Amino acid sequence: MVNAGYFNNNISFFLAFVVAQSRVEGKIHSIYEVTVGAIIGTLVAIIIFKLL
């Protein structure tokens with residue numbers, strides 16, 4: 001059974017992937033920078049949600 005949380009998670013990851021891919025394709029960032037940014041963003045989100 002698919003619920004709203006599952007759908008929202010998939011859409012969020014898909015949009016993050018599309019933005020990261022466009023940044024690399026547009027030569028705005030390197031793959032390394034996008035990967036480090038994703039890791040930092042994930043860690044910050046986890047810390048914020050743990051505090052709330």
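Residues numbered from 1 in each chain as written. Predicted model: local features only at pLDDT ≥ 70, side-chain atom pairs only at ≥ 80, totals over all residues. Heavy atoms only, no water.

K.L.:
Would you mind going over unusual backbone geometry with me for this structure?
P.N.:
Comment: phi is negative for the bulk of residues other than glycine, and the bulk of peptide bonds are trans. The backbone of Lys27 shows a phi angle near 60 degrees, a positive value even though the residue is not glycine. In this structure, Lys27 sits in the loop between helix 1 (4-25) and helix 2 (31-51). (Helix = DSSP H or I, 4+ residues; strand = E, 2+ residues; numbered from the N terminus.)

K.L.:
Help me out: how do you make sense of the layout of surface pockets in this one?
P.N.:
Over the atoms rolls a probe the size of a water molecule, and its path tells where empty space is left. Volume-wise, the largest pocket comes out at about 440 Å³. As for the largest pocket, its lining consists of 15 residues, and the residues nearest its centre are Phe13, Ala16, Phe17, Ala38 and Thr42. Listed by contribution, the elements that provide at least two residues to the lining of the largest pocket are helix 1 and helix 2. The leading source of residues in the lining of the largest pocket is helix 1, at eight residues. Considered class by class, the residues forming the lining of the largest pocket number seven nonpolar, six polar and two charged. (1 Å grid on protein atoms, 1.4 Å probe; cavity = no way out; pocket = protein on both sides within 12 Å on 5 of 7 lines; lining within 4 Å. Points joined across faces, edges and corners; volume = space filled by probe spheres on them. Nonpolar A, V, L, I, M, F, W, Y, C, P; charged D, E, K, R; others polar.)

K.L.:
Sorry if this is basic, but what is going on with a nonpolar patch on the surface here?
P.N.:
A surface patch of nonpolar side chains, amounting to about 610 Å² of accessible area, comprises Phe7, Ile11, Phe14, Leu15, Phe17 and Val18. Locating Leu15 in the fold gives a position in helix 1. (Patch = residues over 30% accessible without salt bridge, like charges linked within 9 Å, V, L, I, M, F, W, Y side chains within 5 Å. Areas by Shrake-Rupley, 256 points an atom, 1.4 Å probe, with all protein chains shown as cover. Salt bridge = Lys/Arg side-chain N within 4 Å of Asp/Glu carboxyl O.)

K.L.:
Where do I start with the environment of Ile47 in this structure?
P.N.:
Its location among the elements puts Ile47 in helix 2. A relative accessible area of 52% means that Ile47 is categorised as exposed. Sequence spacing of Ile47 and Ile31 is 16 residues, and the spatial spacing of their C-alpha atoms is 24 Å. (Buried < 20%, exposed > 50% of the residue type's maximum accessible area, 1.4 Å probe, protein only.)

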